[in-house]
Amino acid sequence: MADTKQEIVRIENLHKRYGNLEVLKGVSLSISEGEVVVVIGPSGTGKSTMLRCINLLTRPDAGGIWVSGVEMTNPRADINRARENIGMVFQDFNLFSHLTALQNVTIALTKVKGMKPEAARAKGLEELEQVGLADKANAYPAQLSGGQKQRVAIARALAMDPKVMLFDEPTSALDPELIGEVLEVMKKLAKSGMTMLVVTHEMSFAREVADRIIFMDGGYIVEDSPPDQLFTNPKSDRARLFLSKIESYHRTEGPPMGGRG
Amino acid sequence: MSALLSYYQSILPKLWAGTLVTLQLSFWALLIGFAIGLPMALARIYGRGLLKALAIAYIELLRGSPLVVQLLLIYYGLPQLGIVIPGTTSAIIALGLNSAAYQAEYYRGAILAVSEGQMMAARALGMSRLQAIRHIVLPQALRLVLPALSNEVAYMLKYSSVAFLIAVKELTAMGKIAIGRSYKARETWLLVAVFYIILVNGAARLMQYVERKFKIPGLQMEEVH
């Protein structure tokens, strides 16, 4: 499947501990260009930590990380430059609250990429258009709904033309009725061929969009399978148990959407 | 009554001149306080090792000793080392260095009040730490600090009166001079107090205006009436 495609993210034997708590106990992973990989698993099993290690917001204790050929874990790597290639979307949006939606999207274009203000503005409006928020360009974050904030955050990350997008539970802080609009944007992005690594509890999104699903538990990657296989016939007991819990919780929501694989 | 009015009329020019000196002292001291206080706050939060230790030492030493002692040390102590600084300048330096320590703590509080996620998002976009501080954290922190800073402005207008100890002719000193000639202590101090009240209130209004002007739409809570 991915052999002919370029490898965008490679993680080798990643370890991270906080005090006595070992969060990542040797995680390895490879993501190819255009792949959508969804990470699921119980909370506290290192999913978000792994994501943050990829762009070094969290410094790993051991192991290697490469993103489109740059060895992030090399102390001499230009991390700021490398981060331009890695878009990140947070659970809590983290929009810059003193800037308008448009300024949120353009600030890194001008300050990091050195773009001229007019060019950045045009690009920013284009990105907001992509997430359906061109009419909110001049609104401040506090004037937007949670779903709108997250879409601006996605536009802000996409404006940098990243090679890969990391989503850290992008819908977990949203009211249920606002989740859909964010997932729609993410689905569109996946279809456009963006390489994505998504930590989420939205199983319907995982089924519909993911090329691979990674099940993490206890600091390890327990299973790495296509959605059809993981959801219908998980190899590990732990994944089976986790999915059955999720299943019974979501049963009231009706039948899950079919996978595309 | 008319005797009082004509007395007030006679000392008004002096008090006005003193007011101008008080404003001058306060303005420069607050400016020095900003110029030194903000870097101190940044050093205390983001600095490491010696830089951080120096910032903490500065803040705690200046907050830990009385302003009057610091003023007298500069005005009477430095000349013994051959450094003679005129009274007004001494007062501005003492008030400014002292204000810097307090302002540093105000800025530190405001910077820490900006959520960690802001710095994280900025770094994730490829900004350096310095860029993130400058473009993301400080613009928000400086808005958050305005209420505390407005406190500092009020304090400064009043505590600049310690300068009368080294014969700087600010508002309080002018009151004292007027009493020396008229022996009308009660009347004079009352009028001096009124002058300070007007000054402090004017400053508070100015700071409120600045707060309103830089308010982030939708963010700060409206005042509850």
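Structure first, text after, so check above.
**Section: the interface of chain A and chain B**
- Across the boundary between the two partners, chain A contributes 25 residues, which contact 21 residues of chain B.
- In total, about 2000 Å² of surface goes out of reach between chain A and chain B, with carbon and sulfur atoms giving 66% of it.
- The interface formed by chain A and chain B contains zero salt bridges.
- For the pair chain A and chain B, the interface holds seven residue pairs in polar contact (both at pLDDT 80 or more).
- When residues of the side of chain A that touches chain B are traced back to their parent elements, those giving at least two are helix H2 (79–83), strand E6 (86–89), helix H3 (101–111) and helix H5 (146–158) of chain A.
- The class makeup of the residues in the side of chain A that touches chain B is 14 nonpolar, six polar and five charged.

**Some thoughts on the pattern of salt bridges**
- Tallying each qualifying case throughout the model produces 20 salt bridges over all chains.
- Measuring nitrogen to oxygen at the nearest pair gives 3.8 Å for the salt bridge that ties aspartate 61 of chain A to lysine 16 of chain A. With aspartate 61 of chain A in the loop between helix H1 (47–54) and strand E4 (62–67) and lysine 16 of chain A in strand E1 (residues 7–18), the pair connects residues that are 45 residues apart, well separated along the chain.
- The buried category is assigned to lysine 16 of chain A, whose relative accessible area is 11%.
- Across the pair arginine 108 of chain B and glutamate 105 of chain B runs a salt bridge, and its minimum N-O distance is 3.1 Å. In this pair, arginine 108 of chain B and glutamate 105 of chain B are both assigned in helix H4 (residues 87–113), three residues apart and thus about one turn of the helix distant.

**Some words on the pairing of strand E8 (residues 195–199) of chain A**
Residue and element names in this part refer to chain A.
- Where burial is concerned, most of E8 is hidden: five out of the five residues are buried.
- Burial along E8 is two-sided: the residues Thr195, Leu197 and Val199 and Met196 and Val198 are all buried.
- As judged from the four bridges shared by strand E3 (residues 36–40) and E8, these two strands associate in the parallel manner. Across the sheet, the residue bridging to valine 38 is valine 198, located in E8.

What counts, and where the lines are drawn
Residues numbered from 1 in each chain as written. Chains lettered and ligands numbered in written order. Predicted model: local features only at pLDDT ≥ 70, side-chain atom pairs only at ≥ 80, totals over all residues. Heavy atoms only, no water. Contact = heavy atoms within 4.5 Å. Buried area = accessible area lost by both parts, 1.4 Å probe. Salt bridge = Lys/Arg side-chain N within 4 Å of Asp/Glu carboxyl O. Polar contact = N/O pair within 3.5 Å; in protein donor to acceptor, adjacent residues only side chain to side chain. Helix = DSSP H or I, 4+ residues; strand = E, 2+ residues; numbered from the N terminus. Nonpolar A, V, L, I, M, F, W, Y, C, P; charged D, E, K, R; others polar. Buried < 20%, exposed > 50% of the residue type's maximum accessible area, 1.4 Å probe, protein only. Pairing = 2+ DSSP bridges.

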